[in-house]
Amino acid sequence: MKLTRRQLLAGAAASALAGGSVYDLLDWIAGVAPARAAAGPLPPEQHLLNGQALVVDNGVEVLVPPLHHELITYALRLGGDRRSLQEARTSLEAVLGELDRDYPLTPAGLGVTVGWGLPYFRRYVARPADRYLPLDRRASKAAGRPVRVLIDAIRFPSDPKTTILEANELAILLRSDGVAHIDDARRRLEKLPVLRRTSSRRGFVGGGFGGRRSLPKQMAMAAGVRGADLIPDNAELFLGFTSTQKAGLGPPKIANLENLGYSDGGPGGYFRGGTAMHVSHLFEDLEAWYINFDHGQRVSTAFRPGLRVPSGTQTVRQGPKDVTTVAQNRRSYHSHGAIGHSGSIQTSSRLDRETVGADGSHYPKGTAIPHRADFNTLDNPFFWTATPARDQFSSDAAAGVHFVVFNPTSDDFHRNRLAMDGVLPDGTKLPFDPRSRGQGFNSVLTTTHRQNFLVPPRRHRSFPLVELLA
């Protein structure tokens with residue numbers, strides 16, 4: 001008797017879960033990767049990928065991100081003397097250079113992004129960091145004191161008190177259509193004695209464009225996650241709705257430290273071409289989302305109250321002309337007792353005027369600033385952690401997202417996230433309860449971990465500022 005694909009998947013999932021991880025199914029479920037453009041030259045920026053495919057869904061241009069992701073965090077195992085740091089710098093750069101040569105910088109190859117946490121700058125290169133870490137001009141003016149482009153993560157009003165503010169020294173994001181490419185990169189990095197892994201965070205993205213069932217739906221079903229059967233077949237992410245619309249993602253270079261004038265990149269432009277990266281993990285309550293909210297309510301919650309789209313629509317246009325203003329958010333709160341997720345964030349994540357970037361790029365009013373690189377996960381909360389008790393690690397699969405985003409500064413991300421909680425750019429504070437249903441996605445999300453990182457330009461990605469130690 002011939003088995004159906006669902007029966008095969010169920011059997012394969014049982015075998016994977018018994019002998020390893022449900023992630024062993026990723027390549028099998030994903031099938032043929034989407035067609036990708038050829039790689040171009042390596043850009044100065046680490047956070048940009050070449051060759052991403054573009055499709056049109058519901059009349060909206062959508063970028064197709066890499067299918068598979070892994071973010072690995074590290075502590076450093078080395079002395080603080082200059083020689084040890086220089087040797088570590090050389091050894092890490094050698095591995096990164098090999099990966100550059102072996103894989104094109106496309107989803108079909110491998111994207112590698114290296115970010116450094118404040119513990120690294122404070123412990124190993126404190127003196128040059130005092131001089132070279134760029135200032136955030138806007139945040140410094142608002143605070144009345146110098147504020148760097150990299151600052152400590154904070155808990156936001158809707159975060160639980162249990163949210164862990166992490167202190168990793170290094171984070172490396174790996175992205176590819178092929179799990180084998182990521183596995184190879186991880187193995188090479190593990191051979192470096194100076195790196196002590198503190199966590200591994202795995203996941204996937206993949207919309208069901210062209211009529212195929214999406215990767216998140218299939219993976220959640222295979223893992224037996226509660227509410228998985230409620231995910232729309234073509235949902236790019238567990239909570240539905242397409243998040244990688246071209247107009248909803250920052251164009252190339254806009255998230256660079258220097259391009260919007262938030263910073264000059266530091267003395268001598270040392271960090272020009274770099275960016276700030278925020279990393280967090282959030283659990284998602286799929287049953288609460290799909291059972292307690294009908295499609296119209298999910299649209300209002302994900303975007304803005306009063307927005308109407310045909311039932312079942314997953315890709316909702318969010319171009320520059322669709323941006324929600326502070327005034328509209330105030331009206332939504334007073335009329336509906338609610339604000340939308342995108343609508344609230346757009347008050348700070350979209351340009352409020354036409355802007356010319358430092359590189360000469362022209363950005364219309366309403367242009368998105370952040371580069372999102374978030375991905376769905378079945379981690380609980382991580383695939384692996386060196387501190388399972390602290391992280392409340394479980395081997396049971398759980399629906400969630402590893403949220404990774406690139407902004408011109410850490411403060412810029414904080415402004416975006418505060419807007420999601422009703423703290424708007426003009427100082428308006430909409431008085432929501434922390435877990436209010438009217439507060440966008442917050443009623444179905446629980447944040448477990450947060451940390452900010454600085455992603456240097458490619459030329460300084462390995463142990464930045466070490467060469468400037470006296």
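Procedures and definitions
Residues numbered from 1 in each chain as written. Predicted model: local features only at pLDDT ≥ 70, side-chain atom pairs only at ≥ 80, totals over all residues. Heavy atoms only, no water. Helix = DSSP H or I, 4+ residues; strand = E, 2+ residues; numbered from the N terminus. Buried < 20%, exposed > 50% of the residue type's maximum accessible area, 1.4 Å probe, protein only. Areas by Shrake-Rupley, 256 points an atom, 1.4 Å probe, with all protein chains shown as cover. Lys, Arg positive; Asp, Glu negative; His and termini not counted. Charge placed at Lys NZ, Arg CZ, Asp CG, Glu CD. Core = buried A, V, L, I, M, F, W, Y, C linked by side-chain atoms within 4.5 Å. Contact = heavy atoms within 4.5 Å. Polar contact = N/O pair within 3.5 Å; in protein donor to acceptor, adjacent residues only side chain to side chain. Phe/Tyr/Trp six-rings, centres within 6.5 Å; stacked < 30°, edge-to-face > 60°. Lys NZ or Arg CZ within 6 Å of the ring centre and 35° of its normal. Arc of directions from axis to C-beta. Salt bridge = Lys/Arg side-chain N within 4 Å of Asp/Glu carboxyl O.

Comments concerning the overall build of the protein chain
Moving on, step 1. For the protein chain, the helix and strand inventory stands at 14 helices and 15 strands.
Moving on, step 2. In terms of its C-alpha atoms, the protein chain occupies a principal-axis envelope of roughly 65 × 60 × 45 Å.
Moving on, step 3. By residue count, 59% of the 470 residues in the protein chain fall in the buried class.
Moving on, step 4. Carbon and sulfur atoms form 52% of the exposed surface of the protein chain, whose accessible area is close to 19500 Å².
Moving on, step 5. Taking the average place of the 57 positive charges on the side chains of the protein chain and the average place of its 45 negative ones, the gap between the two points comes to 3 Å.

Focus on unusual backbone geometry
Moving on, step 1. Put simply, N380 and P381 share a cis peptide bond, and its omega is -5 degrees.
Moving on, step 2. Mapped onto the elements of the fold, P381 is located in the loop between β12 (375-377) and β13 (384-385).
Moving on, step 3. You will see that Q392, though not glycine, has its phi angle at about 55 degrees, which is positive.
Moving on, step 4. By the element assignment, Q392 lies in the loop between α13 (388-391) and β14 (400-407).
Moving on, step 5. With a relative accessible area of 65%, Q392 lands in the exposed category.

Brief notes about the nonpolar core
Moving on, step 1. Counting residues in each nonpolar core, the largest one holds 42 residues, and the members touching the most others are W116, Y120, F121, F271 and F463.
Moving on, step 2. Put simply, the parts of the chain that give this core at least two residues each are β3 (68-76), α3 (82-102), β4 (111-116), α4 (118-123), α5 (126-132), β6 (170-176) and α7 (179-190).
Moving on, step 3. In terms of residues, this core owes the most to one element, α3, which gives 6 residues.
Moving on, step 4. The contact partners of Y120, leaving out residues within four places of it in the chain, are L76, V125, E169, F463, P464 and V466.
Moving on, step 5. With 40 residues, the next largest nonpolar core counts L215, I231, F293 and L378 among its residues.

Focus on the environment of D379
Moving on, step 1. You can see D379 is positioned in the loop between β12 and β13.
Moving on, step 2. Look at D379 and you get buried, because its relative accessible area is 3%.
Moving on, step 3. Ignoring anything within four residues of it in the chain, the contact list for D379 reads Y23, S200, R201, R202, H281, F283, A398 and H402.
Moving on, step 4. Among the polar contacts listed, one links the side chain of D379 to the backbone nitrogen of R202, at a separation of 2.9 Å.

Looking at the environment of D426
Moving on, step 1. Positionally, D426 belongs in the loop between α14 (410-420) and β15 (445-455).
Moving on, step 2. In this structure D426 comes out as partly exposed when scored by relative accessible area, which is 45%.
Moving on, step 3. Expressed as a C-alpha distance, the spacing of D426 and Q297, which sit 129 residues apart in the sequence, is 27 Å.
Moving on, step 4. With residues up to four places along the chain from it excluded, the contact list for D426 reads V326 and R330.
Moving on, step 5. Within the structure, D426 has its side chain in polar contact with the side chain of R330 (distance 2.3 Å).
Moving on, step 6. Polar side-chain contacts of D426 include one of 2.8 Å to the side chain of T428.

Examining the packing of aromatic side chains
Moving on, step 1. Inspection of every chain in the model, using the stated rule, returns 14 aromatic pairs.
Moving on, step 2. With a centroid separation of 4.9 Å and an interplanar angle of 55 degrees, the aromatic rings of W116 and F463 are classed as tilted. Highlighted residues: W116 in strand β4 and F463 in the segment after β15, separated in sequence by 347 residues. A single burial state applies to W116 and to F463, both of which are buried.
Moving on, step 3. Taken together, the ring pairs connect W116, Y120, F121, Y124 and F463 into an aromatic cluster.
Moving on, step 4. The lysine or arginine in question, R138, covers the ring of Y262, its NZ or CZ lying 4.2 Å from the ring centre.
Moving on, step 5. Over the ring of W384 we find R197, and its NZ or CZ is 4.0 Å from the ring centre.

Looking at helix α11 (residues 326-336)
Moving on, step 1. Looking at α11, one finds that the buried residues are V326, N329, S332 and Y333. Buried residues along α11 cover an arc of 120 degrees about the axis, so they all sit on one side. Pointing more than 90 degrees away from the buried face of α11 are the exposed residues R331, H334 and S335.
Moving on, step 2. Those residues of α11 that are buried lie in contact with α12 (341-349).
Moving on, step 3. Of the residues flanking the end of α11, it is G337, one or two places downstream, whose phi is positive at about 70 degrees.

Concerning the pattern of salt bridges
Moving on, step 1. Applying the stated criterion across every chain, the model contains 28 salt bridges.
Moving on, step 2. Put simply, E70 and R202 hold a salt bridge, and the shortest N to O gap is 3.4 Å. Taken as a pair, E70 in strand β3 and R202 in strand β7 (residues 195-204) lie far apart in primary sequence, 132 residues in all.
Moving on, step 3. Owing to a relative accessible area of 2%, E70 belongs among the buried residues under this scheme.
Moving on, step 4. Residue D100 pairs with R461 through a salt bridge whose shortest N-O separation is 2.7 Å. Here the residue D100 occupies a position in helix α3, and R461 occupies one in the segment after β15, the gap between them amounting to 361 residues.
Moving on, step 5. On the basis of relative accessibility, which here comes to 21%, the residue D100 falls in the partly exposed class.
Moving on, step 6. Looking at R461, the relative accessible area reads 3%, which means it is buried.
Moving on, step 7. Within this structure, E70, D183, R186 and R202 form a network of salt bridges that share partners.

So far we have only geometry, and geometry alone does not tell us how the molecule works.
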